[in-house]
Amino acid sequence: MLTLKLAFKNYRREWLFSLCAIFSLAAFLVPLLTLMGVKDGIIGTLTQRLIDNPRNLEITPVSGGRFAPDFFSALAAQNDVAFVIPETRTISASVQLSGHEGENLWVGLIPTGPGDPLLAQGNGSGAGSPAGAGGMADNQIFISESAAEKLGLKVGDKTTGLVSRKREGRLESATVELEIIGLVPRHVMSLDQVYGLLSLLEMTEDYRNGFSVPALNWPGADKPSGPKSYAGFRLYARDFDAVDRLRQSLEAQGLEVYTRAEDIATVRSLDHSFTVVFLVLALVVGFGAFASASSSALDQVAKMRRSWAIL
């Protein structure tokens, strides 16, 4: 206690020295704090943008294939998988929607289901509800904002979907009434697309293949029985680390996939570089501050040595 009391009185007596010591410490800390702020600001913003965009966690097959239900069951059981759903052939995954003013627009039909990360990124328009695609019916869809604007549609509206095919040299078409239950924001999907249950896509594919669809009263030939296979899939990893693990796992099975691993690696490389620079600078600044404080303290002790000896 006596030591602290004497030290405080000494700092008050040598106020000019104390002020210089404070400014000296600030001169050491300001660059360090500035670099830390830049690191948290730039890297933090880039990382948050990556996290907020679920497409950065998407793993897309480069080419089509024939995937059996067992493939998706095994994939969904992996801890690294956040969401996976089969996709039908691209040529079958489209439908023509009608607007209120007679507009017609061909849109892509994308399969969705409970837990879809894209439908969890809403803006208050319905797509961001906690339930997401849970509880959807076959005739309910989410529509991208770009498509909704072109057709003049909004949440709660109903639209007619038209599916066409060519069978025995004749052009045939069938319609289904669809209800819009949510919008997909532009920052999530900028294309003209709608999201519906996989069963809706399977029915449109069956119709285009010439088969009948009893659930929608669409005529056609009887569908032969046999194992079902799908041309592709939508797959999302649980986190950034899982993206590369899933890529390696799929490539080990002979599947060529596309990921945004390069974007993730770039941000992580910047984060690592900033961290190294910060640690080196912190070490140098800490050593400099310690040396400065020590030399000043030793100088003060030397000046007061005679007084301490007399005491």
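Residues numbered from 1 in each chain as written. Predicted model: local features only at pLDDT ≥ 70, side-chain atom pairs only at ≥ 80, totals over all residues. Heavy atoms only, no water.

### Observations regarding the environment of Ile 110
Stage number 1. In this fold, Ile 110 is placed in strand β4 (residues 104-112).
Stage number 2. Residue Ile 110 is classed as buried on the basis of its relative accessible area of 14%.
Stage number 3. Sequence separation of Ile 110 and Glu 87 is 23 residues, and the distance between their C-alpha atoms is 7.5 Å.
Stage number 4. Not counting residues within four places of it along the chain, the set of residues in contact with Ile 110 comprises Glu 87, Gln 193, Val 194, Tyr 195, Gly 196, Leu 201 and Arg 234. (Helix = DSSP H or I, 4+ residues; strand = E, 2+ residues; numbered from the N terminus. Buried < 20%, exposed > 50% of the residue type's maximum accessible area, 1.4 Å probe, protein only. Contact = heavy atoms within 4.5 Å.)

### A closer look at the packing of aromatic side chains
Geometry of an aromatic ring pair is reported as the spacing of the ring centres plus the angle between the planes.
Stage number 1. Under the criterion given, the structure shown has 9 aromatic pairs.
Stage number 2. Here the aromatic rings of Phe 67 and Phe 71 are separated by 5.0 Å at their centres, their planes lie at 35°, and the arrangement is tilted. Residue Phe 67 shares its accessibility class with Phe 71, and that shared class is buried.
Stage number 3. Taking 5.3 Å as the distance between ring centres and 80° as the angle between the ring planes, the aromatic pair formed by Phe 71 and Phe 72 counts as edge-to-face. (Phe/Tyr/Trp six-rings, centres within 6.5 Å; stacked < 30°, edge-to-face > 60°.)

### So, the pattern of salt bridges
Stage number 1. As enumerated under the stated definition, the model contains 15 salt bridges in all.
Stage number 2. Close ionic contact of Arg 186 with Glu 149 constitutes a salt bridge, the shortest N to O distance being 2.5 Å. With Arg 186 in the loop between β7 (170-184) and β8 (193-197) and Glu 149 in helix α4 (residues 145-151), this pair connects stretches of sequence that are 37 residues apart.
Stage number 3. Judged by relative accessible area, which is 40%, Arg 186 ranks as partly exposed.
Stage number 4. In this structure, Arg 247 and Asp 244 form a salt bridge, with 2.7 Å as the shortest nitrogen-oxygen distance. Here Arg 247 and its partner Asp 244 are both found in helix α6 (residues 240-252), 3 residues apart, which amounts to about one turn of the helix.
Stage number 5. Counted as one network, the salt bridges with shared partners bring together Arg 165, Arg 167, Glu 168, Arg 170 and Glu 172. (Salt bridge = Lys/Arg side-chain N within 4 Å of Asp/Glu carboxyl O.)

### Some points on the sheet that holds strand β2 (residues 81-87)
Backbone hydrogen bonds hold the strands of a sheet together, and the pairing may be parallel or antiparallel.
Stage number 1. Pairing is antiparallel across the open sheet formed by 4 strands, whose spatial order is β2-β9-β1-β10. With one partner strand each, in any of the chains shown, β2 and β10 (257-258) form the two edges of the open sheet.
Stage number 2. With 2 bridges joining them, strand β1 (residues 58-61) and β10 adopt antiparallel strand pairing. Within β10, the position partnered with Pro 61 by the bridge is Val 257.
Stage number 3. Against the sheet, helix α3 (residues 69-76) makes contact with β2 and β9 (232-237), and its axis sits at roughly 170° relative to β2, the strand it touches most.
Stage number 4. Along the sheet, α6 makes contact with β1, β2, β9 and β10, crossing β9 at roughly 145°. (Pairing = 2+ DSSP bridges. Axes fitted to C-alpha atoms, helices over the stretch in contact; angles between N-to-C directions.)

### A few points about empty space enclosed by the protein
Stage number 1. For the structure shown, the criterion picks out 1 cavity of 30 Å³ or more.
Stage number 2. Considered as a void within the structure, the largest cavity measures approximately 30 Å³ in volume.
Stage number 3. In terms of lining residues, the largest cavity is bounded by Val 95, Leu 109, Val 163, Val 176, Leu 178, Leu 200 and Thr 204. (1 Å grid on protein atoms, 1.4 Å probe; cavity = no way out; pocket = protein on both sides within 12 Å on 5 of 7 lines; lining within 4 Å. Points joined across faces, edges and corners; volume = space filled by probe spheres on them.)

### Some points on α6
Stage number 1. Helix length check: α6, at 13 residues, gives a terminal C-alpha distance of 19 Å against a target of 18 Å (1.5 Å per residue), a fit within 8%.
Stage number 2. Every buried residue of α6 is listed here: Phe 240, Ala 242, Val 243, Leu 246 and Leu 250. The buried residues of α6 all sit within an arc of 135° when viewed along its axis, so they share a single face.
Stage number 3. For α6, the N-terminal capping position is held by Asp 239, with its side-chain oxygen 3.2 Å away from the main-chain nitrogen of Asp 241.
Stage number 4. Just downstream of α6 lies Gly 254, where phi reads positive at about 90°. (Expected span 1.5 Å × (residues − 1). Arc of directions from axis to C-beta. Polar contact = N/O pair within 3.5 Å; in protein donor to acceptor, adjacent residues only side chain to side chain.)

### Regarding the confidence of the model for the protein
Stage number 1. Across the protein, the average pLDDT comes to 82, with 79% of residues at 70 or higher.
Stage number 2. The low-confidence segment residues 123-131, where pLDDT is below 50, has 20 contacts with residues more than four positions distant or belonging to other chains. (pLDDT = per-residue confidence, 0-100.)

### A short note on the sheet that holds strand β5 (residues 140-144)
Stage number 1. Strand order in the closed barrel formed by 6 strands is β3-β4-β8-β5-β7-β6, with mixed pairing between adjacent strands. Each adjacent strand pair in this sheet contributes to an overall mean axis angle of 45°, direction not counted.

### Topic: the nonpolar core
Stage number 1. Counting residues in hydrophobic clusters, the biggest one holds 36 residues, and the most contacted among them are Phe 71, Tyr 195, Leu 235 and Leu 250.
Stage number 2. Elements supplying a minimum of two residues to this core: α3, β2, β8, β9, α6 and α7 (261-303).
Stage number 3. Residues within four places of Leu 250 in sequence aside, it is in contact with Ile 59, Phe 71, Leu 75, Phe 233, Leu 235, Leu 255 and Val 257.
Stage number 4. Judged by nonpolar contacts, the second largest core, of 25 residues, contains Val 95, Leu 153, Leu 183 and Met 203. (Core = buried A, V, L, I, M, F, W, Y, C linked by side-chain atoms within 4.5 Å.)

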